[in-house]
Each structure stands twice: as structure tokens, then as C-alpha cells.
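Overview (structure and organization)
Now for the letters of each chain:
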Amino acid sequence: MTEEIIIAGFGGQGVLSMGKILAYSGIMQDQEVSWMPSYGPEMRGGTANVTVILSDNRINSPILTQYDTAIILNQQSMDKFEPEVKPGGLLLYDPNGIIRPPERKDINIYKIEASKEASNLGLPKIFNMIVLGGYIKIKPIVKLDNVMLGLKKSLPPRYHHMIPDNEKAIKRGLEIVEDVQKV
Amino acid sequence: MAKELRLMKGNEAVAEAAIRAGCDGYFGYPITPQSEVMEYLMAEKPHERTGMVVLQAESELASINMVYGGACCGKKVMTSSSSPGISLMQEGISYLAGAELPCLVVNVVRGGPGLGTIQPSQSDYFQATKGGGHGDYKLITLAPSSVQEMYDFVKVAFNLAFKYQNPAMILSDGAIGQMMEKVVLEDQIPRLTETEIIKKCPWATTGKTPDRERNIITSLDLDPARQERHNLKLQEKYKKITENEVRYETIDCEDAEYIFVAYGTSARICLKALQLAKEKGIKVGLFRPITLFPFPVNQIKEMAGKIKGILSIEMSAGQMIEDIKLAVEGKIKVEHYGKMGGIIPSPNEVLEALEQKIIGG
Amino acid sequence: MAETLTKQDIIKDENIVYKKTKLMTDKVLSYCPGCGHGTTHRLVMEVIDELDAQANTIGIAPVGCSVLAYEFMDIDMQEAAHGRAPALATAIKRLMPDKFVFTYQGDGDLAAIGTGETIHAANRGENITIIFVNNGIYGMTGGQMAPTTLPGMKSSTCPYGRDVKMMGYPLKITELIARLPGTYFVTRQAVHTPANVRKTKKAIRKAFDLQKQNKGLTFVEVVSNCNSGWKMTPVKANQWMVDNMFPFYPLGDIKVDGELVK
Ligand SMILES: Cc1ncc(C[n+]2csc(CCOP(=O)(O)OP(=O)(O)O)c2C)c(N)n1
Ligand code: SF4
Ligand SMILES: [Mg+2]
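1. Quick word on the overall build of chain A
In terms of helices and strands, chain A carries six helices and seven strands. Walking chain A from its N terminus toward its C terminus, one meets helices and strands in the order β-α-β-β-β-α-β-β-α-α-α-α-β. Taken over the C-alpha trace, chain A has a radius of gyration of 15 Å; the compact-globule value for 183 residues is 16 Å, and the two agree within 12%. When its C-alpha atoms are laid out on the principal axes, chain A stretches across 40 × 40 × 35 Å. Taking all 183 residues of chain A together, the buried fraction comes to 57%. Considering only contacts within chain A whose residues lie at least 6 apart along the sequence, 59% involve residues at least 24 apart. Total accessible area computed for chain A in this model is approximately 7,700 Å², and 52% of it derives from carbon and sulfur atoms. Mean positive and mean negative side-chain charge positions of chain A (21 and 21 charges, respectively) differ by 4 Å.

Given below as C-alpha cells:
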């Protein structure tokens, strides 16, 4: 099994940390993982993205131009990465701020109202964990238990008091993800 | 005992490896894309973990000369930087090589020339493998292509540096520095004691005791004959390194008709291209040099007899290709494909280049 | 009056309260909101405009957040290697003595890697102006310790706060170069309030006027915030600057007419 994922949105949306938790979850179930971010000052307030790969085998290129899954959190990223999902692949997006929803007919499309839900819960910072929950609902490539372990591993101890809220968010994500189109 | 696993950036792996390899001192100056090396070290408080000294210098010029001072004392010392900073260090590196001092320099390469870009590149190949500063000298150059290798090569490089009393370089790039992968950590190697250093490095300036002559460390010799003898000795050493320390990896090379030669990030891209090629029925393998000096000349030469062509994949205008061509001695076609300016070629582009430049060409 | 106002009715000279500085390009500033670099750029350009010196000025951009100063300042500019701006300026001024020559540098650029160039240009008494933006941190590279970082202040390479025993003391390079006979006017200002902006502009104007008279090196430090590097909101960063930076780097003239201010 190899899963090649791009997560893309604005800097500050927790794109990189979502990828990190996913990668750590893979390690918890003995997989090979890679996490390749966009970096540099061009990220100041601009878009941020990270390529995460989980695999049972040695990972070849950490940098890709085609993905099994695209998790899209803003319009620029939709424009850039919708065309790069492999046919039959998955596109998961948060409709908040999306003015042009995905148009491809040959991929599976899901949406998750994560930012809305996060502000309903009064926890805007864990918006990314809701999205993560949605993703593992659609593609249970990592076990929920391992995600929880990964979460703990990737947070420095001084943030461990936030784990319960994060868990809650992931579980909420499992519930609220909706399918838009299946192929 | 269970292996200790961690998800780390390449830059962090270098830092953790340095602490665990028993490194005595790190001296550096911030520059993207490798500032995490020093940031990680500062956060880890290695002065409490092992007594390792970590210092932010006022420049790369100062950093490399701090390394020089530490190396003279037989200490395991290192610095890291990225291309513009490594250029500034060339004077010091030449002095280290001239004085035959062991040390580790990590270059997390970004695109040049000049201030260039902060994105990954492999355009410092010539600088790393052909000397870089003035005078006839070589650096032992290791090219990691994964975060695990960033970690492992710190220890390997220190060992080689001390074995040959020569500076060693890890030539990485922004992609490997910035990406995270799973790393298996090794146990802590204790730092050497003063007595152990005196025994291991009798040449070091550790303080003249009555039982030995003074130790002077210099790269200066005004007597041409002696200076030439010194140069010949250096050349002899580089020959020995060439004979004994070549490292490389081959993948799917056994029945290949064509070969990609690539190191570092480019090798990772080629791995994916191999997969795509297989789907198309193209028989291509990957030859990955791990030491860039010494370059696997004989291995490439031998391989050239069995294949139809080589495509050198580099994130540069084509630098390593010159060494491949020298090895191949004109027997088969050797072409370059690459990107510059911080752009990483895609596996599809690499495969297309093979089809156009080598198979079809 | 039944007619609605059109844009043209509003855009009239008598209605203007603020105008884009003539010598700033149309390029949108890439600085973080609230950063002092933008204001300082504008003041330098206003002074050059007032001196009618666009054609007579060569600027030198550093390596730091203001590395792209040449995109914003509508004059001829050169981009130096990290820390080397005063060396470039020295050559330019000596080869073209009738031009205004200034460098624009951050604290890492000027007081760490470029200390040698700074001190020697000052000591030679080069007739150049140095604009020195001191934010106590390396903004560009993501908030590492600078030579000017305050004791106890946190940065990514002193995550537990600057420990002076281990990392040394903050360098008051402005006081240092003021003691060199080659400097003629040395001052420290800020741009966080309108009053301070006016003072800084006066200081820059004075520095350029003195350059014209070949009096020696003129030096204007601007203590500024780096809200990104300090990890604070812009408003909080300015308050922190007033509470912490100003006591250590007090504002005011340090050397006037070649004499240290007592
Ligand atoms: C030789 C070299 N070393 C390091 C760097 C990386 N670098 C770029 S800017 C900078 C520091 C900038 O800090 P400062 O001068 O204080 O400017 P600020 O961004 O804070 O305005 C460093 C270390 C470089 N470009 N060149
Ligand atoms: S990082 Fe700091 S110095 Fe750079 S633009 Fe932002 S606030 Fe200004
Ligand atoms: Mg600064």
C-alpha cells in the first residue's frame, strides 16, 4: 500500500501539522513515511502545502506531481491541485472560502464543513483536526488509535493539555464528512 | 531493546546525530534552508546532554575558523550552512585541508549563483568535489538521499574525517533538509575524554607535556621542496581514499539497458521514474553515487560495457556528468537532464528525457 | 445638491490628506503589517525627493527582510552580499564623489556578519549615510538571535532566552562607531508614532545634508519591531519595543557635529 497525499491551504491553517500527525500515525503502524513542505518566506501569509506519503515499502520521490488524495483548504490550492489528483483518486475540501467547487468527473469528491464546525465548537485552532478526521473516515489507511498516538508524538509535551480537544475534533470530523461524488 | 524511532527533518536529524555521535562542538550562522540544525541544537541543550559546545557565530567566516581552532585540538567539530555561507567558508576549508584537520561541514544546498534562491539545488557539486577553495585538495563528500542518511552520514563522515585527517562534507539540499521522514536513532556515543584525544590525535595542540615535542599546526611552508612533499603526501592520501572509500547504491541495474545516474534528491525522483518506466516496459536502472569524492569511477566504467546509455539527472546545469563522462571514456552515450533555480524535476519529465535524449536520440 | 459625487470630484488637490511617496514604486510592500521597514523606506525616499536627488543617489540593499528594498525604492540600487554593503558604498562614493550614497541594513547584516565593513567604513570616514534598522532579531531567516537581541529575549536560536554568559551581550554598535573619529553624525530614532516618524525623517535629512558637505560618515539607527520574529501582534510588538528595547537602546542623538553628545 502506498498513499500519496497533498494537503494545501493558507499558512496558519495547520496544514503542516496535520501532515505531521498523519506521518506520525504511519510510523505508529510501522510504515515508511515522508513529509515534504513548501518552505521559505514566500509562505508568509501565503499558501502552504505539504506532500505526505505513507507506504509499506521504501518511499521513492518525496516530491510529486500526481496524488492519490488532495486535501484542499483554499481556492488557490483548489486551482493548483484539483488537476493533479490521479483519476479515481480522492479530493476532500472545506467549502469555506471556495468560490469554484471541484469540477472533475473522474475523481471521488468529498467535502467537510470543518471551519464552520470548529467555530461552532468554539475551537477555531483545531479546524485541521476535523479535516483529518474526515479524511480517515473516507480512507481508513491509518487506524484511529494510531492517529491518537501520532497526535501525542507530534505535539511537544507543553501542548499535551490540548490533546482532548484535538481528539474531539478528529471524532467530529469522522461524523460530518459528506460525499459529493463517487466514481 | 526497541528501536528509537522519530519523525524528523533532515536538518534536525543532522543535529541529533551530531549530539549522539559524541560531537564536541558546533559553530554556525543562520541561513535558509538549514537554520533548523542550530535551532534544534539550541533547543536540545547539548551542553547539558553531553557537554557539547554550540555557538552562534557572527558569520560563516567565523564559524569555519572556530571549527579550525577546535579541530586543531583534536576535537570532533562541525559546522553547517547553505551555499552562500559555504562559499564564504572556502578559505577556512582550504586551510583545514592544508593542515590535514578532521571536521564535518554540512552543505544544505540552495540554488545559485549569488544570493540565488532558497529552494533546493545541486549546483554546488563542483565546489564540493573539486576542492572549492584555493590549492590542490579534496573533501570527502557524502551525498545523502534520505533523512535517515542525513542522520547516518554524520557518524560516517566524522569517522572518515578522523581516519584520513581530512575535512568531510555532507552535500545535501534544501529538499532533504526540510523534509521529514522516519529516522532510527542510535545510542549515544560518549564524547572522548582529554586523555583519549591525546592518544587518538597525538598531533593535536593539547598542551606540550615533557614527554613530547611541541605540536604546531599550520598550512604554511615557505620551502618549496617541503611544500611539494606535503602536496604529494596529500595526493597519496586522496588516492588511498579513492581506493578504499567509494560508496554507491544500484537499483534494478542487473538487466538494465539504460541507467540513470543521480545522487541526493534527484536519486529519489529517479526511483519514481524507474517505477513509471517499468510500466512502459523500459529497462532502466538507477546508479546512485553515495560518495561524490571519491567518485565511483570504476563501477560506472564497468557498467558502461553492459548498457546502451546513461542519463545524468542533476538539479544543476550538469556538473556530475563530467565525472560520468570521464569514467565512461566515450564508450556510450551520456546526456544530462536537470532543472535549475530551485526547481525539482518531476519523475515524468525525467522519464521523458530518457526517452528523448537516450533511447530515441 | 442632488448629484452624487464622482471619483473625480473627490480626487482634488485640496482634498488630499496623504499621498504615496513619489519615489516609492507601485510594488506592494512585502513586509509584515506593522513592520518598521516600510515606514523607514518611505522616509528615505521622501528625503531624496525633497533633495531632488533621484538622479544623484545610489542605494545599497542588504541581505535581510529589506533585501528587496530595490523593488520599492525608485532609484538606482545595488544588492550587496550579506554584510558587505558599506564596502560597496565605499567604492561607489570614492568613484562617484558627487552622488549621494547610502546603505540600508538590518542588525544581523550590519552588526554581525558585516561588523568589519561597518567599523572600517566608519573609521575611514567615508562620506556615506548608513540607515540601520535594528529589530533585535534576524527577521528574514525566521527569527534567530541577532547581535542586538536583548538579554533574556527569546529567539529560535536562544529558545530559552538570550543567556549572556553563553551567547554574549547585545552589541551597541551605534555607540561603538560613534566613538570613531570618522563618524560625524550618529543618531538613534524610531518610527512607531507620528512624532517619532517626523524626528526620524529630520535625522535622515540631516544625514544626507551632511553627506553633501563631505563631513564624514552619517549614521541613522531606527529601532524597529519585528512582530513576526518576536511572535507578537504589531500593537503588542510596539509596546514591547517601548518597554524593553528603548531602555537598552535609548533614542536620541549620540554624536552631533563630530562631537559625542554628553
Ligand atoms: C553568507 C550568508 N549567510 C547567511 C545568509 C542568510 N541570511 C539572510 S538574511 C539574514 C539575517 C537578516 O537579519 P537582519 O540583518 O537583522 O535583517 P532583518 O531581516 O531583521 O531586517 C541571514 C543570516 C545569507 N543570505 N548569506
Ligand atoms: S519578519 Fe520582521 S523584519 Fe521581516 S518584514 Fe516581518 S516584521 Fe518586518
Ligand atoms: Mg534584524
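Still to come is the rest of the account.
2. Regarding the pairing of strand β1 (residues 57–61) of chain C
Residue and element names in this part refer to chain C. Judged by how many residues are buried, β1 sits mostly within the fold: five of five residues are covered. The side-chain alternation of β1 yields two buried faces, one formed by Thr 57, Gly 59 and Ala 61 and the other by Ile 58 and Ile 60. With four bridges joining them, β1 and strand β3 (residues 100–106) adopt parallel strand pairing. Note that in β3 the partner of Gly 59 across the bridge is Phe 102. Note: β1 against strand β2 (residues 76–79), four bridges, orientation parallel. Its bridge partner being in β2, Gly 59 is matched across the sheet by Met 77.

3. Side note on the site of ligand 1
Lining the immediate surroundings of ligand 1 are 21 residues, of which B:Glu60, C:His37, C:Cys65, C:Asp107 and C:Asp109 lie closest. With respect to ligand 1, the chains having nearby residues are chains B and C. Contact distances for ligand 1 include 2.9 Å between an oxygen atom and a backbone N or O atom of C:Gly108. Here ligand 1, which alone exposes 590 Å², has 97% of that area covered by the protein.

4. Side note on the packing of helix α1 (residues 10–20) of chain B against helix α2 (residues 36–44) of chain B
Residue and element names in this part refer to chain B. The geometry of α1 relative to α2 is characterised by a closest axis approach of 8 Å and an angle of 50 degrees between their N-to-C directions. In terms of orientation, α1 and α2 fall into the oblique class. For the crossing formed where α1 meets α2, the hand is right-handed. Taking contact as the criterion, the partners of Asn 11, Glu 12, Val 14, Ala 15, Glu 16 and Ile 19 in α1 are, on α2, Glu 36, Val 37, Tyr 40, Leu 41 and Glu 44.

5. Details of the pattern of salt bridges
As enumerated under the stated definition, the model contains 52 salt bridges over all chains in all. Notably, a salt bridge pairs A:Asp68 with A:Lys86, separated by 2.9 Å at the nearest N-O pair. With A:Asp68 in strand β4 (residues 67–72) and A:Lys86 in strand β5 (residues 85–93), this residue pair connects regions lying 18 residues apart in the sequence. Residue classification places A:Asp68 among the buried residues on the basis of a relative accessible area of 16%. One continuous salt-bridge network, built from bridges that share partners, spans B:Glu4, B:Arg6, B:Glu16, B:Arg20, B:Glu44 and B:Arg49.

6. Regarding unusual backbone geometry
In most cases, non-glycine residues show a negative phi, while peptide bonds are predominantly trans. Across the junction of B:Gly112 and B:Pro113, the peptide omega takes the value 0 degrees, indicating a cis bond. Topologically, B:Pro113 is positioned in the loop between β5 (103–109) and α7 (125–129). Cis geometry marks the peptide bond from B:Phe293 to B:Pro294, where omega comes out at 0 degrees. Structurally, B:Pro294 is set in the loop between β12 (291–293) and α13 (297–304). Positive phi outside glycine occurs at C:Asn214, with the angle close to 55 degrees.

7. A short note on the side chain of B:Lys272
Along the chain, B:Lys272 falls in helix α12 (residues 264–280). Here A:Glu4 takes part through its side chain, which lies 2.6 Å from a polar atom of the side chain of B:Lys272. When neighbours within four sequence positions are excluded, B:Lys272 is seen to be in contact with A:Glu4, A:Asn60, A:Ser61, A:Leu64 and B:Pro347.

8. A short note on the sheet that holds strand β10 (residues 259–260) of chain C
All names here are of chain C. If you walk across this open sheet you meet the eight strands as β2-β1-β3-β4-β8-β7-β9-β10, and the pairing is mixed. One side of each edge strand has no neighbouring strand; the edge strands of this open sheet are β2 and β10. Sheet analysis places strand β4 (residues 129–134) next to strand β8 (residues 217–223), joined by six bridges and oriented parallel. Pairing of Thr 129 across the sheet is with Thr 218, part of β8. Along the sheet face, helix α2 (residues 36–50) touches β1, β3, β4 and β8 and points at about 175 degrees away from the line of β3. Along the sheet, helix α4 (residues 85–95) makes contact with β1, β2, β3 and β4, crossing β3 at roughly 180 degrees.

9. A short note on the sheet that holds strand β3 (residues 53–56) of chain B
Residues and elements named next belong to chain B. Reading across from one edge, β3-β2-β4-β5-β7-β6-β12 is the order of the seven strands in this open sheet, with mixed pairing throughout. The open sheet terminates on both sides in strands that have one partner only, identified here as β3 and β12. Averaged over all pairs of adjacent strands, the angle between strand axes in this sheet comes to 20 degrees, irrespective of strand direction. Strand direction decides the pairing type here: strand β2 (residues 25–28) and β3, joined by four bridges, are parallel. Bridge pairing in β3 links Phe 27 to Leu 55. Along the sheet face, helix α8 (residues 147–164) touches β4 (77–81), β5, β6 (140–142) and β7 (167–173) and points at about 160 degrees away from the line of β7.

Reading the values: the criteria
- Every chain's residues receive numbers from 1 upward, in the order its sequence appears when written.
- As a convention, the first chain written is A and the first ligand written is 1, with the rest following in written order.
- Thresholds applied to this predicted model are a pLDDT of at least 70 for local features of residues and 80 or more for the giving and counting of side-chain atom pairs; totals over whole chains, interfaces and linings are not thresholded and use all residues.
- In computing side-chain values, all of the structure's heavy atoms are included and hydrogens and water are not.
- Helical segments are the DSSP runs of H or I of at least four residues, strand segments are the runs of E of at least two, and each set is numbered from the N terminus.
- Two things to know: the radius of gyration comes from C-alpha atoms, and the globule rule equals 2.2 Å times the number of residues to the power 0.38.
- Summary of the burial criterion: residues with accessible area below 20% of their type's maximum are buried, those above 50% are exposed, and those between are partly exposed, where the area comes from a 1.4 Å probe applied to protein chains only.
- By definition in these notes, contact holds between two residues if any of their heavy atoms fall within 4.5 Å.
- Throughout, the Shrake-Rupley method with a 1.4 Å probe supplies accessible areas, and for residues the shown protein chains are the sole cover considered.
- By the counting rule applied here, Lys and Arg register as positive and Asp and Glu as negative, while His and the ends of each chain are not counted.
- Where a charge lies is defined by one atom per residue type, namely NZ (Lys), CZ (Arg), CG (Asp) and CD (Glu).
- Paired strands, in this sense, are two strands between which DSSP finds at least two bridges.
- Throughout, near means a residue has at least one heavy atom within 4 Å of the molecule or strand.
- We define a polar contact as two N or O atoms separated by no more than 3.5 Å, with the added condition that, inside protein, one atom must be a possible hydrogen donor and the other a possible acceptor, whereas residues neighbouring each other in sequence contribute only through side-chain atom pairs.
- To get an axis, a line is fitted to the C-alpha atoms, and for a helix only the part in contact is used. The angle between two axes follows their N-to-C directions and goes from 0 to 180 degrees.
- Orientation is classified from the angle alone, with under 35 degrees giving roughly parallel, over 145 giving roughly antiparallel, 65 to 115 giving roughly perpendicular, and any other angle giving oblique.
- Left-handed is the label given to a crossing in which the near helix is rotated counterclockwise from the far helix by less than a right angle, and right-handed is the label when the rotation is clockwise.
- Any carboxyl oxygen of Asp or Glu within 4 Å of a side-chain nitrogen of Lys or Arg constitutes a salt bridge here.

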